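Structural overview
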Amino acid sequence: MPKQHQAAPRAAFSASAALLGLCLLAAPAQAQFGPQGPPAVGVVEVERRPVRESTEFVGRVEAQNRVELRARVTGFLQERTFREGQEVTEGQVLFRLERPPFEAEVARARASVASAEAELQNANSALARARDLVRSSAGTQVNVENATAAQRTAQATLLGAQAQLRVAEINLGYTEIAAPFAGKVGRSTFSVGAVVGPTSDTLATVVSQDPMRVSFPVNLRTGTELRDRYATRGGAEAVRVRIRLVTGEIYNQVGRIEFIDPQVDRNTDTVLVRALIPNPPRGPANSDGSVDRELIDGMFVNVFVEGAEPVQAVVIPRSAVLQDQGGNYVWVLDAENKPARRPLTLGRSIADQVVVERGLETGERVVVEGVQRVRAGQAVQPGPATPPMRAPGAAPGAQPAAQPAGRQG
């Protein structure tokens, strides 16, 4: 019996220890799954600020002037006075053909003119004598008429000889082929000593360098929107053109629209727009006299059509905009920090921001960070959102119009 009494307290102690252990294990579980408070979110306050609206297109750089040099007379290529790829001035002689044959033709034509002038002078004298004899009754009217016809024939012969001289002088001038405008000359097709003529290939090509044209097609809908947007601000004068180069850099010159095609391309439903943009030298001339420029005839670029003057607009971060089957929307906090869904009508996107045309007022608070933790009507703990970081080389204006403004929520 004493042993049984001794075992009973031991059993009671073991049960108490096990119960205490369960309580200690349950305490952290209750702390882990207990209430945590409102979720933290990052918010921004809606405000109006000046923005420069922009729309992006794909375009091609074109030389304002471009000409293929050809020989207008047949002859031996005697001299090439330029280096391939160098810039030339207006009127600079680039090719010279062999001149002696054309100079001899000019001399022969001048001799023909001198002979015709002598014949005309003799015919004038004969006509004068015939008229004097008729007045003295020693001659006949027939002699006068014959002398008149001979005089007119001699006069016509002189005109023909003078025309031949003019043609010979023009052909002599064609032996020098000059640049019709300032620009850069390309490769030479023929070597010195080759025979060239009107039916030969192009001798070389000259393209103007400054300014350059940027041509880009605009679909009819976008073109109509741009026209309506800037109609009250001065039309084409109210916009400026910027381009992004193939390297991803934004070109440091600003262009202006010079031409809008009055016809629509029926195959693509687009309108051709053309802008002029400066293309100054990138630096001093090279040791060989050549000049480097940023824009090259034929290169592809991204074109940004921007408003010349900024406008005041409601702008929020793009990351705040959600999207579902109902359209674009954001979470707006009320005075009790409770979020409510607010549908939006969006305008153009500007880098990492988006313009709100309808749906928000200045002073309202919009959730930007932590939107996945937001539930309608459930209070949140707001704090300032992290300022966005601009990617290097970002474009100065809107993203392409086809890019969606929101993300799936």
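Along each chain, the written sequence defines residue order, and numbers are assigned to residues from 1. Since the coordinates come from a predicted model, pLDDT governs what is reported: local features require at least 70, and pairs of side-chain atoms require 80 or more to be given and counted, while whole-chain, interface and lining totals use all residues. Derived side-chain values reflect all non-hydrogen atoms in the structure, with water molecules and hydrogen atoms excluded from consideration.

A separate point is the pairing of strand β13 (residues 239–244). Within a regular beta strand, the side chains point alternately toward one face of the sheet and then the other, so they alternate between its two faces. Burial here depends on accessible area, computed with a 1.4 Å probe over protein chains only, as a share of the maximum for the residue type. Under 20% is buried, over 50% is exposed, and the range in between is partly exposed. Helix and strand definitions follow DSSP, with helices as H or I runs of at least four residues and strands as E runs of at least two, each counted in order from the N terminus. For β13, the buried fraction is high: 5 of the 6 residues fall into the buried class. Pairing between strands is defined by DSSP: at least two bridges between the two strands are required. As defined by bridge partners, β13 adjoins strand β16 (residues 300–307) across 6 bridges and the pair is classed as antiparallel. What sits directly across from R244, in β16, is N302.

The sheet built from 4 strands is open, its strands ordered β4-β11-β9-β6 with antiparallel pairing. Either end of the sheet is taken by a strand with one partner, and the two such strands are β4 (66–69) and β6 (87–88). One ladder, built from 2 bridges, connects β6 with strand β9 (residues 183–185); its direction is antiparallel. Paired with E87 across the strands is K184, a residue of β9.

The next thing to look at is unusual backbone geometry. Look at the link from D210 to P211: it is a cis peptide, with omega at 0°. Looking at the secondary structure, you find P211 in the loop between β11 (204–207) and β12 (212–219). The backbone phi angle of D269 is positive, close to 55°, even though this residue is not glycine. Locating D269 in the fold gives a position in the loop between β14 (256–260) and β15 (270–277). A positive phi is found at N337, a non-glycine position, where the angle reads about 60°. Of note, N337 is situated in the loop between β19 (327–333) and β20 (339–343).

A word on the packing of aromatic side chains. By convention, a stacked pair of Phe, Tyr or Trp rings (six-membered ring in the case of Trp) has centres within 6.5 Å and planes under 30 degrees apart, an edge-to-face pair has planes over 60 apart, and any other such pair is tilted. Overall, the coordinates contain 3 aromatic pairs when judged by the stated rule. Here the aromatic rings of F82 and F95 are separated by 5.2 Å at their centres, their planes lie at 85°, and the arrangement is edge-to-face. Here F82, found in the loop between β5 (75–80) and β6, pairs with F95, found in strand β7 (residues 93–97); they are 13 residues apart in sequence, far enough to count as distant. Judged by its relative accessible area of 0%, F95 falls in the buried class.

The next subject is helix α3 (residues 141–173). Because an α-helix packs 3.6 residues into every turn, residues spaced three or four apart end up facing the same way. Across its 33 residues, α3 extends 48 Å between first and last C-alpha, which sits within 8% of the 48 Å expected from 1.5 Å per residue. Taken as a whole, α3 has its buried residues at V144, A147, T148, Q151, A154, L158, A161, L165, A168 and L172. The span one expects for a helix is its residue count, reduced by one, times 1.5 Å.

Take the environment of T270 next. Looking at the element boundaries, T270 is found in strand β15. Take T270: its relative accessible area is 16%, and that puts it in the buried class. Spatially, the C-alpha atom of T270 lies 8.7 Å from that of R221, the residues being 49 residues apart in sequence. In this view, T270 contacts P217, V218, N219, Q263, V264 and D265; residues no more than four positions away in its chain are not counted. Within polar-contact distance, the side chain of T270 engages the side chain of T268 at 2.6 Å. By definition, residues are in contact when any of their heavy atoms lie within 4.5 Å. Counted as a polar contact is a pair of N or O atoms within 3.5 Å, where, for protein atoms, one must be capable of donating a hydrogen and the other of accepting one, and residues adjacent in sequence contribute only when both atoms are in side chains.

A separate point is the side chain of R213. As for its position among the elements, R213 is in strand β12. Accessibility expressed as a relative area gives 18% for R213, which makes it buried. Within the local environment of R213, its side chain forms a polar contact with the backbone oxygen of Q64, the two atoms lying 3.5 Å apart. Side chain to side chain, R213 and E258 meet in a polar contact 3.0 Å long. Residues contacting R213, with those up to four places away along its chain left out, are R60, V61, E62, A63, Q64, E258, R274, A275 and L276.

The quantity known as pLDDT measures the predictor's confidence residue by residue, on a range of 0 to 100. Taken over all residues, the pLDDT of the protein chain has a mean of 82, while the share at 70 or more is 83%. Long-range and interchain partners of residues 17–34, a stretch whose pLDDT sits below 50, account for 1 contact in this model, where long-range means more than four residues apart. Low pLDDT, under 50, characterises residues 391–409; the stretch is placed with 46 contacts to residues that sit more than four places away or in other chains.

Below, the discussion takes up the sheet that holds strand β8 (residues 176–178). Across the sheet, 4 strands lie side by side as β8-β7-β5-β10; this open sheet has antiparallel pairing. Strands at the two margins of the open sheet, each flanked by one partner only, are β8 and β10 (195–196).

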